[in-house]
Every structure is written in structure tokens, then in C-alpha cells.
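# Topology and contacts: notes
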Amino acid sequence: MLTSIPNPLFDLAGITCGHFLVPFWTFFGATLIGKAIIKMHIQKMFVIILFTKKYVEGLIDLIGLVPVFGLDLQAPFKDYLQKQRQKLHQKPGAARPVSTSWLSQFYQGLVIVMVGYFVLSIVNSTAQQYAKRQDDVWLESQMARDDNSEKEQ
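What counts as what
- All residue numbers refer to positions counted from 1 along the written sequence of the respective chain.
- The predicted origin of the model limits local features to residues at a pLDDT of at least 70 and limits the giving and counting of side-chain atom pairs to 80 or more, whereas totals for whole chains, interfaces and linings rest on all residues.
- For side-chain calculations, the full set of non-hydrogen atoms in the structure is used, while hydrogens and water are omitted.
- A run of H or I in DSSP counts as a helix once it spans at least four residues, and a run of E counts as a strand once it spans at least two, with each numbered from the N terminus.
- C-alpha atoms define the radius of gyration, and 2.2 Å times the number of residues to the power 0.38 defines the globule rule.
- Note on contacts: a residue pair is in contact if any heavy atoms of the two residues lie within 4.5 Å.
- For accessible areas, the Shrake-Rupley method is used with a probe of radius 1.4 Å. Any residue's cover is judged against the shown protein chains and nothing else.
- Multiplying 1.5 Å by the helix residue count minus one yields the expected span of that helix.
- Burial classes follow relative accessibility: with a 1.4 Å probe on protein chains only, a residue under 20% of its type's maximum area counts as buried, one over 50% as exposed, and anything between as partly exposed.
- The directions considered for the arc are those from the helix axis to the C-beta atoms.
- Under the pairing criterion, centres of Phe, Tyr and Trp rings, with the six-membered ring standing for Trp, must be within 6.5 Å; the plane angle then separates stacked pairs below 30 degrees from edge-to-face pairs above 60, leaving the rest tilted.
- Fitting one axis to the seven residues ending at a residue and another to the seven starting there, the bend at that residue is the angle between the two axes.
- Known as pLDDT, the predictor's per-residue confidence is scaled from 0 to 100.
- Between Lys or Arg on one side and Asp or Glu on the other, a salt bridge is scored when a side-chain nitrogen of the former is within 4 Å of a carboxyl oxygen of the latter.
- Comment: axis = line fitted to C-alpha atoms, over the contacting stretch for helices; angle = value between 0 and 180 degrees taken between N-to-C directions.
- Comment on the angle field: the value is read as roughly parallel under 35 degrees, roughly antiparallel over 145, roughly perpendicular from 65 to 115, and oblique elsewhere.
- Left-handed is the label given to a crossing in which the near helix is rotated counterclockwise from the far helix by less than a right angle, and right-handed is the label when the rotation is clockwise.

### Focus on the overall build of the protein
Within the protein, the regular secondary structure consists of five helices and zero strands. Along the protein, from the amino end to the carboxyl end, the secondary structure elements read α-α-α-α-α. In summary, the protein has a C-alpha radius of gyration of 28 Å against a globular reference of 15 Å for 153 residues, an excess of more than 25%. Counting only C-alpha atoms, the protein reaches 95 × 45 × 35 Å along its principal axes. Taking the contacts inside the protein whose residues are at least 6 apart along the sequence as the reference set, 42% of them involve residues at least 24 apart. Accessible surface, the protein as shown: approximately 13,200 Å² in total, 68% of it carbon and sulfur.

### Considerations on helix H3 (residues 53–64)
Between its first and last C-alpha, H3 extends 17 Å over 12 residues, near the 16 Å set by a 1.5 Å rise per residue. Residues of H3 that are buried: Val56, Ile60, Ile63 and Gly64. In a view along the axis of H3, the buried residues occupy a sector of 105°, so they form one face of it. Among the exposed residues of H3, those pointing more than 90 degrees away from its buried face are Lys54 and Leu62.

### What about the packing of aromatic side chains?
Counted by the stated rule, this structure contains three aromatic pairs. Here Phe24 and Phe28 contribute two aromatic rings whose centre-to-centre distance is 5.7 Å and whose plane-to-plane angle is 20°, an arrangement assigned as stacked. Of this pair, Phe24 and Phe28 both sit in helix H2 (residues 24–51), four residues apart, which is roughly one turn of the helix. Summarising the aromatic geometry, the rings of Trp25 and Phe28 are spaced 5.6 Å apart at their centres and angled 90° between planes, so their arrangement reads as edge-to-face. Residue Trp25 and its partner Phe28 are located together in helix H2, separated by three residues, close to a single helical turn. The class of Phe28 is partly exposed, set by a relative accessible area of 37%. Among the aromatic residues, those joined into a cluster by ring pairs are Phe24, Trp25 and Phe28.

### What to know about H2
Taking 1.5 Å per residue, 28 residues should reach 40 Å; H2 reaches 38 Å between its end C-alpha atoms and fits that length. In the structure, H2 departs most strongly from a straight axis at Lys39, where the bend amounts to approximately 35°.

### Looking at the confidence of the model for the protein
Summary statistics for the protein give a mean pLDDT of 82 and a share of 91% for residues scoring 70 or more. Summarising per-element confidence for the protein, the mean pLDDT is lowest in helix H1 (residues 7–19) (79) and highest in helix H5 (residues 102–152) (89).

### A short note on the pattern of salt bridges
Evaluation of the coordinates by the stated rule reveals one salt bridge. With a shortest N-O distance of 3.2 Å, Asp136 and Lys132 are connected by a salt bridge. Separated by four residues within a single helix, Asp136 and Lys132 lie in helix H5, roughly one turn from each other. Its relative accessible area of 32% is what places Asp136 among the partly exposed residues.

### Observations regarding the packing of H3 against helix H4 (residues 70–88)
Close contact between H3 and H4 brings their axes to 7 Å; oriented N to C, the two are set at 155°. For the element pair H3 / H4, the angle class is roughly antiparallel. Seen along the crossing, H3 lies across H4 with a hand that is right-handed. From H3, Lys53, Val56, Ile60, Asp61, Ile63 and Gly64 reach across to H4, where they touch Gly70, Leu71, Leu73, Gln74, Phe77, Lys78, Leu81 and Arg85.

Encoded structure:
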């Protein structure tokens, strides 16, 4: 199911499956079913609804029915959707304005934080394994020294 959601959750699912040693073909089969069946149909319906003018205008009309601030929300939604239509219907070779929304910046920041946390956890895990190996070596040397001192007495 996580394959039908954007990548960070799917990456987390893959990392979790790797951690718990899920067999490759089990993971691959679930991925194939999730992407080929579930995600495809969800995206297909989303695109049909998103780009059908009748449904979009009906949704905007519903936003206008929200008490108190519905009409205030309706105008920005109309403007935003009009700008998106203009972007999608531009002629090839026409200059495209570059603008980033706070939502895309937030999402990008979230992904960077997740990747940073993942790298940090790998470094931490590696350091813990190294420290454990060093402790085991030290403990073995201490036990060997203690055994030798007991034999001498």
C-alpha cells in the first residue's frame, strides 16, 4: 500500500523491509502490485478529476459554500487553477515563469531532513558496531590477562 504514496514513505517501507530481512521477491511482488494496480488506478482517477473542468468548477463552488470564509478561499483557488491551466497549455518553446510554493519548499526540506536522519543513523549504527568490537577485544584481553594471573598464583 505504501507504494501508492509519494516516495519518502515508499523509501521508508523499503528500508524497513531490508532491516527485517524480508525476501526480495516478496518485497518486489508487493511493490509490483502496489505500483501497477493500486497506484495506477488512483493516479488515473486523480488526473481525470483534476483536469475535468466540470469537476474542478464544482469543487470550487463547494468551497464557496463553506460558512464565514468560503468566499474568501474561493478566489485564491480560482486564481491558482487558472495559472496552472496557463502553464499546462503553453505553446512549446514559450518561456515559463519559475516560482516555488511554500508547500514544495516544505516538502523538499522534509525529504532533506529524512535523508539526513537516515545518513546519521547509518553513521551512528556503524560507530556502535565499531565500539562493540573494540569493547569485545578489550574484554577478551582483560579476561586472558586475568586467567594468566590466576594460573601464576
